[in-house]
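Here is how the chains run, residue by residue.
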Amino acid sequence: MERDPQSRVRLRPVDLARPHGLSTQAVRNYEEAGALPAAERTESGYRTYTPLHARALAAFLALLPGHGHRTATGIMRAVNRGAADEACLLIDESHAQLLEDRRTLRAVESALRDLGSEAGEPGQPEPPGSSPATFIGPLADQLGLRPATLRAWEAAGLVRPRRDPLTGYRVYGEADVRDARLVHQLRRGGYLLEQIAPLLDQVRAAGGLAPLEAALTDWHSRLAARGRALLTGAAELDAYLRGREEEEQQAS
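Calculation criteria
- Residues numbered from 1 in each chain as written.
- Predicted model: local features only at pLDDT ≥ 70, side-chain atom pairs only at ≥ 80, totals over all residues.
- Heavy atoms only, no water.
- Helix = DSSP H or I, 4+ residues; strand = E, 2+ residues; numbered from the N terminus.
- Buried < 20%, exposed > 50% of the residue type's maximum accessible area, 1.4 Å probe, protein only.
- Contact = heavy atoms within 4.5 Å.
- Areas by Shrake-Rupley, 256 points an atom, 1.4 Å probe, with all protein chains shown as cover.
- Polar contact = N/O pair within 3.5 Å; in protein donor to acceptor, adjacent residues only side chain to side chain.
- Phe/Tyr/Trp six-rings, centres within 6.5 Å; stacked < 30°, edge-to-face > 60°.
- Axes fitted to C-alpha atoms, helices over the stretch in contact; angles between N-to-C directions.
- Left-handed = near helix turned anticlockwise from the far one by under 90°.
- Nonpolar A, V, L, I, M, F, W, Y, C, P; charged D, E, K, R; others polar.
- pLDDT = per-residue confidence, 0-100.
- Arc of directions from axis to C-beta.

### Some points on the overall build of the protein chain
When helices and strands are tallied, the protein chain shows 10 helices and four strands. When the helices and strands of the protein chain are placed in sequence order, the string is α-α-β-β-α-α-α-α-α-β-β-α-α-α. Looking at the 252 residues of the protein chain, the share that counts as buried comes to 38%. Pairs at least 24 apart in sequence give 63% of the contacts found in the protein chain among residues at least 6 apart. Counting every atom, the protein chain has about 14300 Å² of accessible surface; 52% of that belongs to carbon and sulfur.

Written as structure tokens, this is what we have:
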């Protein structure tokens, strides 16, 4: 069967690069990384590409925002060597990670709502001085924990009580109690200490719970954008896969 004339069209690196605002070196780098199929060479050694290479480049660039460079490259490498199942596994892992991130955000919002309710006003920290300092025993009793658990959280850097200079006892101030309550809520949700640490860093940097509203809104927006990017990448990848299938049928 005669091959589609489009499959015989020869494109230069600049023809692939220009529509995407890329340099020709970037196109060559993507090819060498396996994100594009290997180019043919002229007798003088110059690379020549086809419309299928252009589809591959469009697919790779569309995959980048949702999957990141490493995973997007892995997906394209797998497709280009005919390992579609491996490519699908990488895609599934990105979707699973997005789902996990959404669940983490929901858990964080739930924990913050609980803390705000306990403070009497949603999303607002208690005024300075409204909660007297406490010690490890009373705080553990309040949270329904063992003191050893609070010591473990302290060792992990999640709770940072000061020490009384005379007795050496741990003294939990207002911010320390807030942190302990937030850790407790997230631990009840099944989250690991290392997953909780970045959130607490945000709370401390913001100076309390209320300023985190903007961060949570931004978090929602970034997750939504990532979800949309995964859909866009899937559509472009599907177009590339269809192009590969058409070429294979024409060659058989």
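### Section: the side chain of H184
Its location among the elements puts H184 in helix α8 (residues 174–188). The class for H184 is buried, based on a relative accessible area of 16%. Among the polar contacts listed, one links the side chain of H184 to the backbone oxygen of L143, at a separation of 3.2 Å. Residues in contact with H184, not counting those within four places in the same chain, are L143, L145 and W153.

### A short note on the packing of aromatic side chains
If you walk through the whole model with that rule in mind, you get two aromatic pairs. Geometrically, the ring pair formed by Y30 and F60 is edge-to-face, given 4.8 Å between the ring centres and 65 degrees between the ring planes. Pair noted here: Y30 is in helix α2 (residues 24–33) and F60 is in helix α3 (residues 51–67), with a separation of 30 residues, a long-range link. The interplanar angle of 85 degrees and the centroid separation of 6.4 Å between the aromatic rings of F135 and Y169 together place this pair among those described as edge-to-face. Taken as a pair, F135 in the loop between α5 (84–119) and α6 (136–143) and Y169 in the loop between β3 (162–163) and β4 (170–171) lie far apart in primary sequence, 34 residues in all. Owing to a relative accessible area of 39%, F135 belongs among the partly exposed residues under this scheme.

### With respect to the packing of α6 against α8
Where α6 meets α8, the closest approach of the two axes is 11 Å, and the angle between their N-to-C directions is 35 degrees. α6 and α8 meet at a crossing whose hand is right-handed. Between α6 and α8, the contacting residues are L139, Q142 and L143 on the first element and V177, A180, R181 and H184 on the second. Split by residue class, the contact of α6 with α8 holds four nonpolar, two polar and one charged.

### Structural notes on the confidence of the model for the protein chain
Across the protein chain, pLDDT averages 85, with 87% of residues at or above 70. Note that residues 119–130 has pLDDT below 50 and, in this model, 15 contacts with residues that lie over four places away or in other chains.

### As for α6
Every buried residue of α6 is accounted for by I136, L139, A140 and L143. Along the axis of α6, the buried positions cluster into a sector of 100 degrees, meaning they face one direction only. Elements in contact with the buried residues of α6: α7 (147–155), β4 and α8. Where α6 terminates, the next one or two residues include G144, which has phi positive at roughly 75 degrees.

### So, α7
Considered for burial, the residues of α7 that qualify are T149, L150 and W153. Looking straight down α7, one finds its buried side chains confined to an arc of 100 degrees; they lie on one side. With its phi angle positive at about 80 degrees, G157 sits one or two positions after the end of α7.

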